[in-house]
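Chain by chain, the residues run as shown.
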2 protein chains.
Amino acid sequence: MATAIIKNRKQQIHHTAKNLFRERGYAATSMRHIAGELGIEAASLYSHIKSKEEILQLICFELAEQFLKSSEELQRKKLPAKELFKQAVTEHIRIITQNMDSSVVFLHEWRHLSEPFLSDFKLMRKRYENFYKNIIRAGEKEKSFKYQNENLTVFVIFSAMNGIYEWFTPKGKLQPEEIAEQMVEVFLNGILKN
Amino acid sequence: MATAIIKNRKQQIHHTAKNLFRERGYAATSMRHIAGELGIEAASLYSHIKSKEEILQLICFELAEQFLKSSEELQRKKLPAKELFKQAVTEHIRIITQNMDSSVVFLHEWRHLSEPFLSDFKLMRKRYENFYKNIIRAGEKEKSFKYQNENLTVFVIFSAMNGIYEWFTPKGKLQPEEIAEQMVEVFLNGILKN
DNA sequence: ATATTTGCCTAACGACCGTTAGTTAGGATG
DNA sequence: CATCCTAACTAACGGTCGTTAGGCAAATAT
């Protein structure tokens, strides 16, 4: 239907908030900023949302659930470590590139969550980290991966993937699939020429 | 001398600010927070500093200059690409781990700088990025490095190094030198066995 | 046609923001 | 001893913050 693209006010607010939270940070974005972008008064936002933090919560947990959901689906596939690794990286990068604004907020603004949301969020992140730790650990057991420190290795991979927002533009030459492919290549084989 | 460790008020303020800016972010840290940590009134800070942003400027540019200085020194050594790469990564990680609070502020709070400082900062960052691009480009010409996309490769390396603050603790098992060594290993050879 | 709901408005609340002005106590300097 | 300097203070400024209350007109439902 033609109206599928038209967002209702609540969605518009969340969309605008994502954008501003990414651009200026959560703390430096005021309700009046968000309202201004939509051409309404700050007080009017409260007809649609409960609070500023509620918006942040939605952004953070929506993305956290996407990451966890994709990890669970991948786990069910029972793939060999190397293949699982490739698909996991590809999925992670797909989610990030498809949700650029949310991703930046997810990565850097979660600390402004209040309890108990803050603790919940940290737990979900830990679960997702463990998913990756298990992949590379399995890879080592299968004798297909080698590394010295598990934590360092996983965080190198996470940091590289999560840093994509620093340089990725949807209109650039590199598309998500290629980014994933090339990153996997670097992670697996490095940049040294035999 | 015994008093070498004792900081004057201005240094104390900068030290406290670094810590709070890292912990809560620049925008969410008030002058009253900083003052409170030091047991004085917010207005008293202005006997020592000019403005809140001046503190941010000092943090950002101090670190930017450290990075650039180290890159210039390395460039003068005229090393082969692989060796230069190793030393550059090691230096970068040394600076980050020795300035954890500043590093986080440097990486994430610079956007709150006002002009012309913002533009100056971006330029310095660009210069430093080019230093790394030149390394891997030289490595390719020397036929010691291989990669598909220069930008992606450099940003993978940067992101991994700059993400160290997420997990590094000075009291942990991994020390900066070992981190550098192991990261270089991943960058150069990857985690795939044979 | 009437009643209800929706989505906005204005006005305002108390709190906190960065910063300035003016002052004062105490120590250092002449 | 007189003077200057340092580092703090109190008080206050104009603004902005997130949020609430109450009202009103248009759209929707009955």
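Quick caveat, the model's predicted, so the values are computed rather than measured.

1. Some details on the overall build of chain A
Helix and strand counts for chain A stand at eight helices and zero strands. Across chain A, helices and strands are ordered from the amino to the carboxyl terminus as α-α-α-α-α-α-α-α. Each of the 194 residues in chain A was classed as buried or not, and the buried ones make up 51%. Partitioning the contacts of chain A with sequence separation of at least 6, the portion at a separation of at least 24 is 67%. The averaged location of the 24 negative side-chain charges in chain A is 1 Å from the averaged location of its 29 positive side-chain charges.

2. Notes on the interface of chain A and chain B
In this assembly, 43 residues from chain A lie in contact with 43 residues from chain B. Between chain A and chain B, a total of about 3900 Å² is buried, with carbon and sulfur atoms accounting for 61% of that surface. Between chain A and chain B we count four salt bridges in total. Among the ionic pairs, B:Lys146 bridges to A:Glu185, the shortest N-O distance being 3.8 Å.

3. Let's talk about the protein's contact with DNA strand C
Not every one of the 16 residues close to DNA strand C is listed here, only the nearest: A:Glu41, A:Ser44, A:His48, B:Met31 and B:Tyr46. Here, DNA strand C places atoms within 4 Å of the protein, and 54% of those atoms are sugar or phosphate. A distance of 2.5 Å is found between a phosphate oxygen of DNA strand C and a side-chain nitrogen or oxygen belonging to A:His48. One nitrogen or oxygen atom from the side chain of B:Ser30 is found 3.1 Å from a phosphate oxygen belonging to DNA strand C. Tallied by class, residues from the surface near DNA strand C come to five nonpolar, six polar and five charged.

4. A closer look at the nonpolar core
Judged by nonpolar contacts, the single largest core of 138 residues is most densely connected at A:Tyr132, A:Met183, B:Tyr132 and B:Met183. Leaving out residues up to four positions away in the same chain, B:Tyr132 has contacts with B:Ala88, B:Val89, B:His92, B:Val154, B:Ile157, B:Phe158 and B:Met161.

5. Section: the protein's contact with DNA strand D
As a matter of local geometry, DNA strand D sits amid 16 residues, with A:Tyr46, B:Arg9, B:Glu41, B:Ser44 and B:His48 nearest to it. Backbone atoms, meaning sugar plus phosphate, form 58% of the atoms of DNA strand D positioned within 4 Å of the protein. The separation between a base nitrogen of DNA strand D and a polar side-chain atom of A:Arg32 is 2.8 Å. Within the side chain of B:Ser44, one N or O atom sits 2.5 Å away from a phosphate oxygen of DNA strand D. Broken down by class, the residue content of the surface near DNA strand D amounts to five nonpolar, six polar and five charged.

6. So, helix H6 (residues 117–141) of chain A
All names here are of chain A. The end-to-end C-alpha separation of H6 is 36 Å, in line with the 36 Å expected for 25 residues at 1.5 Å each. Residues Leu118, Phe121, Met124, Tyr128, Glu129, Phe131, Tyr132, Lys133, Ile135, Ile136 and Gly139 constitute the buried set of H6. Buried residues in H6 make contact with helix H3 (52–75), helix H4 (81–98), helix H5 (100–108) and helix H7 (150–162). Just past H6, the residue Lys143 takes up positive phi, approximately 60 degrees.

7. Some thoughts on unusual backbone geometry
The amide bond that connects A:Glu115 to the next residue, A:Pro116, takes the cis arrangement and shows omega of 5 degrees. Mapping A:Pro116 onto the fold places it in the loop between H5 and H6. Backbone geometry at A:Lys78 places phi at a positive 50 degrees, although glycine is not the residue there. For A:Lys78, the location among the structural elements is in the loop between H3 and H4. The exposed category is assigned to A:Lys78, whose relative accessible area is 73%. The phi dihedral of B:Lys143 is positive, around 60 degrees, even though this residue is not glycine. Residue position: B:Lys143 is located in the loop between helix H6 (117–141) and helix H7 (150–162). What makes B:Lys143 exposed here is its relative accessible area of 62%.

8. Topic: the packing of aromatic side chains
How two aromatic rings sit relative to each other is given by the distance of their centres and the angle of their planes. Enumeration according to the criterion identifies 28 aromatic pairs over all chains in this entry. Between B:Phe85 and B:Phe187 the ring centres are 6.2 Å apart and the planes differ by 65 degrees, which places this aromatic pair in the edge-to-face class. One end of the pair, B:Phe85, is in helix H4 (residues 81–98); the other, B:Phe187, is in helix H8 (residues 176–189), and 102 residues separate them in sequence. Residue classification places B:Phe187 among the buried positions, given a relative accessible area of 2%. Linked through ring pairs, A:Phe61, A:Phe67, A:Phe106, A:Trp110, A:Phe121, A:Tyr128, A:Phe131, A:Tyr132 and A:Phe158 together constitute an aromatic cluster. Its end group placed over the ring of B:Trp110, B:Arg125 keeps NZ or CZ at 4.6 Å from the ring centre.

Calculation rules
- For every chain, the first residue of the written sequence is number 1, and numbering continues from 1 along that sequence.
- Each chain gets a letter, beginning with A, and each ligand a number, beginning with 1, in the order they are written.
- Reporting in this predicted model follows two pLDDT cut-offs: at least 70 for local features of residues, and 80 or more for side-chain atom pairs to be given and counted; totals over whole chains, interfaces and linings ignore these cut-offs and use all residues.
- To obtain the side-chain values, all non-hydrogen atoms of the structure were used and water was disregarded.
- Helix and strand assignments follow DSSP, with helices taken as H or I runs no shorter than four residues and strands as E runs no shorter than two, numbered in order from the N terminus.
- Relative accessibility under 20% of the residue-type maximum defines a buried residue, over 50% an exposed one, and the middle range a partly exposed one, all with a 1.4 Å probe and only protein chains included.
- Throughout, a contact is declared for two residues whenever any of their heavy atoms are within 4.5 Å.
- The charge count includes Lys and Arg as positive and Asp and Glu as negative, but it does not include His or the ends of the chains.
- Just so you know, the charge point we use is NZ for Lys, CZ for Arg, CG for Asp and CD for Glu.
- Here the quantity called buried area is the total loss of accessible area, with a 1.4 Å probe, experienced by two parts when brought into contact, counted for both.
- By definition here, a salt bridge exists when the distance from a side-chain nitrogen of Lys or Arg to a carboxyl oxygen of Asp or Glu is within 4 Å.
- Nearness is judged by heavy atoms alone; a residue qualifies as near a molecule or strand once a single heavy atom is within 4 Å of it.
- Here a polar contact is recorded for every N or O atom pair within 3.5 Å, except that within protein the pair must consist of a potential hydrogen donor and a potential acceptor, and residues adjacent in sequence are included only if both atoms are side-chain atoms.
- Residues are sorted three ways: Asp, Glu, Lys and Arg are charged, Ala, Val, Leu, Ile, Met, Phe, Trp, Tyr, Cys and Pro are nonpolar, and all the rest, Gly among them, are polar.
- What is meant by a nonpolar core is a set of buried Ala, Val, Leu, Ile, Met, Phe, Trp, Tyr and Cys residues, joined one to another through side-chain atoms within 4.5 Å.
- By definition here, a helix of n residues has an expected span of 1.5 Å times n minus one.
- In summary, the pairing rule links any two rings of Phe, Tyr or Trp, Trp by its six-membered ring, whose centres are within 6.5 Å, and it sorts them by plane angle into stacked for under 30 degrees, edge-to-face for over 60 and tilted for everything else.
- Here, over-ring charges are defined by two tests on the NZ atom of lysine or the CZ atom of arginine: distance to the ring centre within 6 Å, and angle to the ring normal within 35 degrees.

Spatial relationships are all this shows, so hold off on functional conclusions.
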